[in-house]
Structure formats: structure tokens, C-alpha cells
Amino acid sequence: MRRPPACWILALAVVASPALVAQSTTTAASGQLTAVSDIRSDWLEDGVESPNGRMYLFGSYAPGDSGFLRYDRVKRSWAHLGRGNGGAQPRWSPDGRFVAFLRRTEESRDWHVWIVPMDTVTGLASGPARRVSMRPCVGPANGPAAWSPDGRRIAFIARDSTRMSVVAVPFNGGDDQVLFEATNFLSSVVWSRDGRSIFVNHVAPGRPPGRTLRVSLEDKRAVELGDAIAPIIDISPDGKWLAQFQWFRSVLHLVATDGTSARRIDLPSSLGRLTPAGWSHTNPNEFIV
């Protein structure tokens, strides 16, 4: 049986030198890695940092347990949330009181968005998980669910016949709302920091590799920002950059949310495959991987 790799949570400094400023063309840069956690001999995936920067949550496949695994940066301790709290693509709410994730239902095998309440002190589940919408989502390959900046709604991507939609649902119950829809393929929805727009990748016939769109929630107007080179994994704390991760090349692509510039960052290859989770909440010049 193949042994799991030795895993750390790492901080990738990508904008310290030179500073991340507007550029008219894509330029390459490299980052410097710093260990954040102690070592863990386990399979980890889908990492995400809590809003206060203390906790980290991962998908885990440890012997004798499964589901999400929490790391406490202060106490330097690992703990499982339990078998009932597992799935894919976890995302903390802005206030840290809930985690949204994707899970297949037993009755239909469709993917749905679920949330689990979290203890903000321990970073562990404080109650049972529940499904927030009866409408299926398209699954982890199309990106995680996305919290609105005010923490009131969760957006996800759904498919209806020949069309795909970005759908938002109140996290505590209510009617679904279609924010944007298009033919062909949508993926990777992210809210703008002011909550007035969403960003999504759209692939249309004859236009590979697709385009990254900024969609106004007021008038539904979509503006192309550039090529959708890879799935969008996060938006910067200042709301000015989208991060797209090309896993098969270990490359981060940063795209300005106003469509004026882009930047490419080649990830270090010395530790094998690295998967960025998103910007650090405590240091805007770092990614968590």
C-alpha cells in the first residue's frame, strides 16, 4: 500500500519582491515558501484558511477516519470534524461561523451545497451539517460554493438542460436566485469584495480556452477580463486580483478584476505538486498552499 506523503501547510510569498502592481503584459515570477504548520503524514486536499487566520481546513483520507481535518495554528494541533462533516471544496463564511462545502446525496448521487456550523474558538463543528438548497450543483470540478461578502448568501453553479447558471441561495433558507446564466460551460464563481458583481469563467463555442467574466448583479452586464486560463480559486483581499491556478503546470495566473493587466507566478517545484488554497487573511502578500 502506498504511504501518504508528508504534508505541511505552507505560505507562499508571491508579491513581496517585486510588488504586485498593474502590468500591461503577463510576466513570470517565483515565490518563496515558508512552513505554517507542523508535518502531517496524510493525504490533504482542498485547503482553506479561516477568516481570522488561525484555523485551516482540509479534505483528508486518514486511516480510521475521513472528512474534514482542522489544523489550529496557535495550539499546533490537528483534529477531525468527524465522518458526518466531509465532502469537497470547503469554504469558511466571512464571520467564521459556518463552513460551506459540496457533498453528494445518497439518494440521487447529485452534488449539493451543505453547511456546517463552526465553533469560532476551536475551529470544530458545533452542530450537524445541513443542505442549503434542493437544487443540485455541478460538482467540485466546477469550483466551490462562494459566500457573499456579507455572509448572507451562497453562490454555486447549476445546470439546467442546455444552459448553466450561477445561483445564489440564502444560507439560512429561502428561495434560489439566478444571478447569471449562459449556454455552454460556466465554472469558478467568485463574489467581488463589494458584493456588487460576480466573476465566473465561461467557455463558448469556438473560443478556447474560454473567458473570465465580471458580471454586474444590478444590470446583469458581463464584461470580459481576458482568457480563462485556469479555474478561479480566490479574489485578493483588496478585490483587485483574481487568482487562477493551473494545477498541471503548477502556475498561478493573477488577473486584474478591471481587466487591465495580468501576472504569471511559477510555483517552486522542490516539494512536488503544490495546490494554492487562496490568499492569506493575515498577510495579503501570501498565498496558503
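Up top is the structure these notes are about.
Residues numbered from 1 in each chain as written. Predicted model: local features only at pLDDT ≥ 70, side-chain atom pairs only at ≥ 80, totals over all residues. Heavy atoms only, no water.

I would appreciate a short explanation of the overall build of the chain in the present structure.
The number of helices and strands found in the chain is zero helices and 27 strands. Counting all 289 residues of the chain, 51% fall into the buried class. The long-range share in the chain, meaning contacts at least 24 apart out of those at least 6 apart in sequence, stands at 43%. As displayed, the chain has an accessible area near 13,800 Å², and 49% of this comes from carbon and sulfur atoms. (Helix = DSSP H or I, 4+ residues; strand = E, 2+ residues; numbered from the N terminus. Buried < 20%, exposed > 50% of the residue type's maximum accessible area, 1.4 Å probe, protein only. Contact = heavy atoms within 4.5 Å. Areas by Shrake-Rupley, 256 points an atom, 1.4 Å probe, with all protein chains shown as cover.)

Looking at this model, I keep getting lost on unusual backbone geometry. Mind explaining?
Comment: phi is negative for the bulk of residues other than glycine, and the bulk of peptide bonds are trans. Within the chain, Arg76 stands out as a residue other than glycine whose phi angle is a positive 55°. Structurally, Arg76 can be placed in the loop between strand E8 (67-72) and strand E9 (77-80). If you check the backbone angles, Ser188 has positive phi at about 60° while not being a glycine. Structurally, Ser188 can be placed in strand E18 (residues 185-191).

It is not clear to me how the sheet that holds E8 should be interpreted in this structure. Could you clarify?
Whether parallel or antiparallel, the strands of a sheet pair through hydrogen bonds between backbone atoms. The four strands lie next to each other as E6-E7-E8-E9, forming an open sheet whose pairing is antiparallel. Every interior strand has two partners, whereas the edge strands, strand E6 (44-49) and E9, have only one. Recorded for the sheet is a direction-independent mean angle of 25° between the axes of neighbouring strands. (Pairing = 2+ DSSP bridges. Axes fitted to C-alpha atoms, helices over the stretch in contact; angles between N-to-C directions.)

I tried to follow the side chain of Asn201 on my own but got confused; where do I start?
Its location among the elements puts Asn201 in strand E19 (residues 197-203). Looking at Asn201, the relative accessible area reads 3%, which means it is buried. A distance of 2.8 Å separates polar atoms of two side chains, one belonging to Asn201 and the other to Thr212. Every residue in contact with Asn201, bar those within four places of it in the chain, is listed here: Phe185, Leu186, Ser187, Ser188, Arg211, Thr212, Ala228, Ala230, Pro231, Ile232 and Gln244. (Polar contact = N/O pair within 3.5 Å; in protein donor to acceptor, adjacent residues only side chain to side chain.)

Help me understand the pairing of strand E7 (residues 55-60), please; the structure alone is not making it clear to me.
Sheet faces and side chains relate simply in a regular strand, where the side chains alternate between the two faces. Among the six residues of E7, six are classified as buried, and the element is accordingly described as predominantly covered. The two faces of E7 match: Met55, Leu57 and Gly59 on one face and Tyr56, Phe58 and Ser60 on the other face are all buried. Linkage of E6 to E7, two consecutive antiparallel strands, is achieved through a turn of five residues, within which Gly53 is found at a positive phi near 80°. Pairing analysis gives six bridges linking E7 to E8, with the strands arranged antiparallel. Paired with Tyr56 across the two strands is Tyr71, which belongs to E8.

I'm lost on the pattern of salt bridges in this one. Help?
For side chains of opposite charge, pairing can occur when their charged atoms come near one another. Evaluation of the coordinates by the stated rule reveals eight salt bridges. Salt bridges linked by common partners bring Arg135, Asp160 and Asp176 together as one network. (Salt bridge = Lys/Arg side-chain N within 4 Å of Asp/Glu carboxyl O.)

What's the story with the packing of aromatic side chains in this structure? I'm lost.
For any pair of aromatic rings, the description rests on two quantities: the centre-to-centre distance and the angle between the ring planes. Counted by the stated rule, this structure contains six aromatic pairs. Ring plane angle 55° and centroid distance 5.9 Å describe the contact between Trp147 and Phe171, whose orientation is recorded as tilted. Highlighted residues: Trp147 in strand E14 (residues 146-147) and Phe171 in the loop between strand E16 (163-170) and strand E17 (177-183), separated in sequence by 24 residues. When its relative accessible area of 15% is taken as the criterion, Phe171 is described as buried. Taken together, the aromatic side chains of Phe58, Tyr71 and Trp78 make up a single cluster linked through ring pairs. In this arrangement the basic side chain of Arg103 is found over the ring face of Trp114, its NZ or CZ atom lying 4.4 Å from the centre. (Phe/Tyr/Trp six-rings, centres within 6.5 Å; stacked < 30°, edge-to-face > 60°. Lys NZ or Arg CZ within 6 Å of the ring centre and 35° of its normal.)

Teacher, can you tell me more about the sheet that holds E17 here?
Read from one edge of the open sheet, four strands run E14-E15-E16-E17, paired in antiparallel fashion. Among the strands making up the open sheet, the edge pair consists of E14 and E17. Of the pairings in the sheet, the one linking strand E15 (residues 153-160) to E16 comprises eight bridges and is antiparallel in character. Among the inter-strand pairings, Ile154 is bridged to a residue of E16, identified as Val169.

Nothing here speaks to function; it is all geometry.
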